[in-house]
Amino acid sequence: MITIDKLQKKFGDRVVLSDISVTFEKGKVVSLIGPSGGGKSTLLRCVNGLETFDAGSITVDDLKLEPGDAKKNKHALLAIRQRVGMVFQQWNLFSHRTALGNVMEAPVHVKGVSPAQATERAKALLDRVGLSHRMGAYPHEMSGGEQQRVAIARALAMDPEALLLDEPTSALDPERVGEVLDVLRKLAKEGQTMLVVTHEMRFAREASHRTLVLHGGAIIEDGPPEQVMDHPTHERTRAFLGKG
Amino acid sequence: MGLAACMAVAAIAVQSCGGNGSGAPGRDAGAAAPSGARRPDGSLARVRAAGVLRWGGDVQGGAPYVYDDPDHPGQNKGFEVDLAIALARELGVRAEFVQNDWSALVPSLERNTFDVILNGFEVTRPRVGRVRFSPPYYVFAARLMARRDDARIRADVNSLRGMRIGTLTNSFSEEVLKGHAEIVGYEGTEEPYADCVAGRTDGVLLDDIIATIYGVPKPELRVVGDLADGFYAIAGRPADEDLGVALDAALARIIASGELERILKRENIYNDRQLGLRTWSADDQRRMLGLSPAAPGQTGALGGPPPGAAGVSSTAPHRMTLGQVWMFIQGAGITLLLSILAMGLAVPLGLALAVSRLYGPKFVARLADLYVEFYRGTPVLLQLYVLYYGLASIIRLDAVTAAVLGLGMNYAAYEAEVYRAGIQAVPKGQLEAALSLGMTTPLALRRVVLPQAFRLALPSVTNDFIALLKDSSLVSVITVVELTKRMTIVAVDTRSYVVPGLLCAFLYFAMSYPLSILAKRLEERLARS
Ligand SMILES: Nc1ncnc2c1ncn2[C@@H]1O[C@H](COP(=O)(O)OP(=O)(O)OP(=O)(O)O)[C@@H](O)[C@H]1O
Ligand SMILES: [Mg+2]
């Protein structure tokens with residue numbers, strides 16, 4: 001459902017993504033791994049239109065993003081963002097809204113869902129991520145793990161066809177990582193399409209159908225997680241996985 | 001405790017700028033006192049020793065009083081310059097002009113900035129209580145002007161009831177009008193006539209010299225007639241009786257010799273009214289100063305009935321009446337209302353400017369930049385002036401509207417900066433999260449960024465409101481009578497700044513202190529979250 005074709009992205013003169021072509025299928029969980037600075041976040045942000053790119057194209061269903069500024073792609077961009085949700089490393093919960101308010105915000109103001117309906121749905125989603133008891137809490141009153149689970153519920157509230165997650169557990173205290181991964185495993189089982197940037201190799205191995213290794217702005221490995229992790233073809237991958 | 005300290009500071013400030021009008025010795029203010037019964041006070045000796053008579057005035061008053069000589073830039077000219085030179089010569093010293101804001105001439109005199117005031121300084125009842133007046137050197141008429149097409153106005157003060165008449169604040173003409181018309185007080189001489197032409201007032205009552213220069217040239221206006229005679233005299237400190245007596249004598253010689261007549265004729269302001277100066281008697285002086293009980297049917301030289309109970313010396317400071325206290329509270333109400341309305345304009349306008357600068361198209365952002373730079377880079381006083389007087393021929397705003405617009409548009413520039421800082425303090429991730437959910441940029445700003453930015457900015461906005469509360473006193477230049485203006489008016493009536501000043505300070509404080517507590521609370525709450 002998401003097709004990236006010959007994507008190129010530069011920051012100034014530095015090429016950060018070079019000639020990336022890849023397709024993500026519906027219902028599949030893809031883990032994106034690779035060394036720091038490899039371009040993982042940038043790739044995710046391009047798909048969501050938070051970054052513009054310099055060449056190639058990104059297609060989500062029938063919607064196409066092309067190189068150039070956001071204005072040109074405005075229509076496609078808004079439509080794609082409603083179909084593709086994003087979960088950030090730093091959660092980015094709206095700090096002036098409660099957990100419930102965060103989850104309701106977009107359905108009510110973007111989709112025009114009635115507040116009563118949105119509230120019902122938000123409660124159900126918060127229950128699904130195990131936070132029905134924290135609905136009235138403000139972000140600064142919640143732990144990182146709780147906030148990240150609210151952020152996942154917030155993204156799910158838009159019924160996205162795909163979910164982009166950029167290191168959803170990296171900023172968490174170690175004892176909080178599990179609760180977020182549990183939620184993601186559950187989503188994976190339910191068939192939610194996800195593209196997860198992660199350093200949690202066990203999670204990637206257990207929960208994803210496919211693993212990509214991004215290095216120096218290029219995909220150097222693409223296959224089932226066991227294959228990529230146990231029999232990497234690229235020496236860089238071996239170095240990264242510590243199997244030198 | 002904070003309140004007590006603040007009031008103490010206010011009291012000191014008021015004392016030092018208002019001077020002490022009641023405790024000074026020599027309170028026989030100006031009436032030709034029997035000099036033999038008095039010990040020399042050294043004031044004349046001091047001037048002689050310094051070899052210079054320093055006289056205060058404001059060149060802004062313009063021709064023919066004291067003004068910049070167009071032929072010799074940097075030099076002063078005017079009939080009072082010539083008079084000062086003649087007076088100094090009679091004392092055997094040099095004359096030295098000291099420039100001083102006209103409205104602060106008395107406090108400056110009391111602070112020894114100069115020896116005498118000599119600048120179209122009219123003899124008025126409140127002034128008699130604070131300075132020592134010489135016999136007059138000029139007799140003027142309080143001249144009434146009105147629009148040519150306005151037949152309602154006659155040369156009779158009783159015909160002015162219910163009409164808005166412009167005049168200079170604290171002037172002789174204002175005293176004449178008191179109790180007879182709705183007085184619109186100005187600080188300058190051009191504005192009252194301009195406002196009458198514009199229809200903001202029904203008439204103008206001012207000295208004939210001023211009327212001739214500023215009113216008569218306006219084709220829309222006509223001279224209605226003269227309502228009363230008034231006097232320009234030399235004003236000195238009551239304590240400087242020696243100097244006063246010497247100047248009185250010098251002036252008498254200058255008048256007797258015909259020199260004053262020549263000086264006045266040079267500026268074309270000599271007329272038959274001046275004939276009485278040659279025969280000026282001690283009785284005339286007493287009558288001018290309003291010290292003798294008025295004869296039946298005679299209103300005295302100062303026009304209007306004398307204030308206060310009969311027999312009370314007009315030099316005694318008056319208590320503030322309950323009515324005046326009430327006027328103060330009304331003044332405070334106007335100050336508060338102006339501030340709230342102006343802030344009500346500044347907040348949304350500032351928000352629009354901040355958003356335009358940060359997210360608008362280049363052209364709009366540039367315009368918003370210009371707006372902010374312009375309004376922050378020029379004095380708000382000037383902006384008020386341009387808005388009210390400068391644009392009067394294009395849009396005729398009433399004074400309160402102009403005040404609200406002027407202050408509001410000025411403060412919008414500051415609010416814009418406050419919001420910009422607030423918006424930039426909202427983490428970038430907030431906007432990205434909103435966009436990633438499919439919000440458009442305007443929606444994301446409205447729902448996510450601005451509410452947070454506003455919360456961050458709220459303490460600064462509250463502080464700006466406190467500043468606005470005080471800045472609103474500037475609108476007195478466009479005839480709005482708010483708290484500070486009320487204070488200066490009452491101070492002149494009561495002859496002392498102490499009580500009105502304290503009351504004024506207290507009222508400002510009573511309005512701003514709760515706000516600053518609020519600002520502190522908001523800051524604390526912000527720091528916690
Ligand atoms: N806004 C930016 N301006 C300039 N360079 C950038 C910007 N964002 C990222 N980069 C650079 O682009 C490259 C790819 O960054 P990216 O954040 O996509 O890497 P990553 O694979 O997500 O790394 P990490 O694992 O550390 O998150 C890096 O070299 C980074 O320094
Ligand atoms: Mg990253």
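Whatever comes next refers back to the structure up there.
Thresholds applied
- Residues numbered from 1 in each chain as written.
- Chains lettered and ligands numbered in written order.
- Predicted model: local features only at pLDDT ≥ 70, side-chain atom pairs only at ≥ 80, totals over all residues.
- Heavy atoms only, no water.
- Contact = heavy atoms within 4.5 Å.
- Buried area = accessible area lost by both parts, 1.4 Å probe.
- Salt bridge = Lys/Arg side-chain N within 4 Å of Asp/Glu carboxyl O.
- Helix = DSSP H or I, 4+ residues; strand = E, 2+ residues; numbered from the N terminus.
- Buried < 20%, exposed > 50% of the residue type's maximum accessible area, 1.4 Å probe, protein only.
- Pairing = 2+ DSSP bridges.
- Patch = residues over 30% accessible without salt bridge, like charges linked within 9 Å, V, L, I, M, F, W, Y side chains within 5 Å.
- Areas by Shrake-Rupley, 256 points an atom, 1.4 Å probe, with all protein chains shown as cover.
- Expected span 1.5 Å × (residues − 1).
- Bend = angle between axes of the 7 residues up to and from the residue.
- Near = heavy atom within 4 Å.
- Polar contact = N/O pair within 3.5 Å; in protein donor to acceptor, adjacent residues only side chain to side chain.
- Nonpolar A, V, L, I, M, F, W, Y, C, P; charged D, E, K, R; others polar.
- 1 Å grid on protein atoms, 1.4 Å probe; cavity = no way out; pocket = protein on both sides within 12 Å on 5 of 7 lines; lining within 4 Å.
- Points joined across faces, edges and corners; volume = space filled by probe spheres on them.
- Axes fitted to C-alpha atoms, helices over the stretch in contact; angles between N-to-C directions.
- Parallel < 35°, antiparallel > 145°, perpendicular 65-115°, else oblique.
- Left-handed = near helix turned anticlockwise from the far one by under 90°.

Q: How do you make sense of the interface of chain B and chain A when you look at a structure like this?
A: Frequently, the measure chosen for interface size is the accessible area removed from exposure when the parts meet. Across the boundary between the two partners, chain B contributes 18 residues, which contact 23 residues of chain A. Both faces considered, chain B and chain A share a buried interface measuring about 1800 Å² in area, 60% of it formed by carbon and sulfur atoms. Considering only the surface of chain B that becomes buried against chain A, B:Ser436, B:Leu437 and B:Arg447 emerge as the three largest contributors, covering 35% of it. On the surface where chain B and chain A come into contact, there are two salt bridges. In this structure, A:Arg45 engages B:Glu432 in a salt bridge whose closest nitrogen and oxygen atoms are separated by 2.7 Å.

Q: Explain the pattern of salt bridges here, please?
A: Close approach of charged atoms allows side chains with opposite charge to pair. All names here are of chain B. Tallied over the full model, the rule gives 52 salt bridges over all chains. A salt bridge links Glu261 to Lys265; the shortest N-O distance between them is 2.7 Å. Of this pair, Glu261 and Lys265 both sit in helix H10 (residues 259-266), four residues apart, roughly one helical turn. Residue classification places Lys265 among the partly exposed residues on the basis of a relative accessible area of 44%. When salt bridges that share partners are traced, they join Arg357, Arg366, Asp369, Glu373, Arg376, Glu417 and Arg420 into one network.

Q: Help me understand the sheet that holds strand S4 (residues 94-99) of chain B in this model?
A: The strands that make up a sheet are held in pairs by hydrogen bonds between backbone atoms, and each pair lies either parallel or antiparallel. Residues and elements named next belong to chain B. Taken together, the eight strands give an open sheet; going across it, the order is S4-S1-S5-S10-S6-S9-S7-S8, and neighbouring strands pair in mixed fashion. Edge positions in the sheet fall to S4 and strand S8 (182-186), since each of these pairs with one other strand and no more. One ladder, built from 13 bridges, connects strand S6 (residues 132-147) with strand S10 (residues 221-236); its direction is antiparallel. Note on S10: the bridge partner recorded for Pro136 is Ala233.

Q: Would you mind showing me how to read a nonpolar patch on the surface here?
A: A cluster of nonpolar side chains, contributed by B:Phe363, B:Val364, B:Leu367 and B:Leu370, occupies part of the molecular surface with about 400 Å² of accessible area. We classify B:Leu370 as partly exposed; its relative accessible area is 49%.

Q: What is the right way to read helix H3 (residues 99-111) of chain A from this model?
A: Side chains that are three or four residues apart share a direction in an α-helix, a result of its 3.6 residues per turn. Relative to the 18 Å expected for 13 residues at 1.5 Å per residue, H3(A) spans 19 Å between its end C-alpha atoms, a close match to the ideal helical length. At A:Glu105, H3(A) shows its largest bend, some 30°, and a proline, A:Pro107, comes one to four positions later. The buried fraction of H3(A) is high, at eleven of 13 residues. Every buried residue of H3(A) is listed here: A:Ala99, A:Leu100, A:Gly101, A:Asn102, A:Val103, A:Met104, A:Glu105, A:Ala106, A:Pro107, A:Val108 and A:Val110. At its buried positions, H3(A) is contacted by helix H2 (74-83), helix H4 (115-128) and helix H5 (144-156) of chain A together with helix H17 (441-471) of chain B. A:Gly112, located one to two residues past H3(A), shows a positive phi value of around 80°.

Q: Quick question: what am I supposed to make of the site of ligand 1 here?
A: All names here are of chain A. Taken together, 13 residues sit near ligand 1, with Arg14, Ser36, Gly37, Ser41 and Thr42 positioned nearest. For ligand 1, an oxygen atom lies 2.6 Å from a polar atom in the side chain of Ser36. At a separation of 2.7 Å, an oxygen atom of ligand 1 approaches a polar side-chain atom of Ser41. Bound to the protein, ligand 1 loses 63% of the 630 Å² it would expose on its own. Of all the elements in the fold, those that place two or more residues in the shell around ligand 1 are strand S2 (14-24) and helix H1 (40-47). For the shell around ligand 1, the element with the highest residue contribution is H1, accounting for three residues. Among the residues making up the shell around ligand 1, the classes are represented as three nonpolar, seven polar and three charged.

Q: Just to check I follow, could you spell out the layout of surface pockets for this structure?
A: Over the atoms a probe the size of a water molecule is rolled, and this reveals where empty space is left. Residue and element names in this part refer to chain B. One number sums up the size of the largest pocket: a volume of about 1300 Å³. Considering the residues around the largest pocket, the lining is formed by 50 residues, among which Asp101, Trp102, Ser103, Ala104 and Glu187 are closest to the centre. Those elements giving two or more residues to the lining of the largest pocket turn out to be helix H1 (2-18), helix H4 (105-110), helix H5 (125-128), helix H7 (190-197), helix H8 (208-215), helix H14 (380-390) and helix H18 (483-494). Broken down by element, the lining of the largest pocket gets its largest block of residues, five residues, from H18.

Q: Would you explain the packing of H17(B) against helix H19 (residues 498-528) of chain B in this entry?
A: The axes of two packed helices give the description: the angle between them and the distance between them. Residue and element names in this part refer to chain B. For the pair H17 and H19, the least separation of the axes is 9 Å and the interaxial angle reads 165°. Relative to H19, the element H17 is oriented roughly antiparallel. Seen from above, H17 lies across H19 with left-handed handedness. Taken together, the residues of H19 that come into contact with H17 (itself represented by Arg455, Leu456, Leu458, Pro459, Thr462, Asn463, Phe465, Ile466, Leu469 and Lys470) are Tyr508, Met511, Ser512, Leu515, Ser516, Leu518, Ala519, Leu522, Glu523, Arg525 and Leu526. In the contact of H17 with H19, the residues fall into 13 nonpolar, four polar and four charged.

All quantities given are derived from atomic positions and should not be read as evidence of function.
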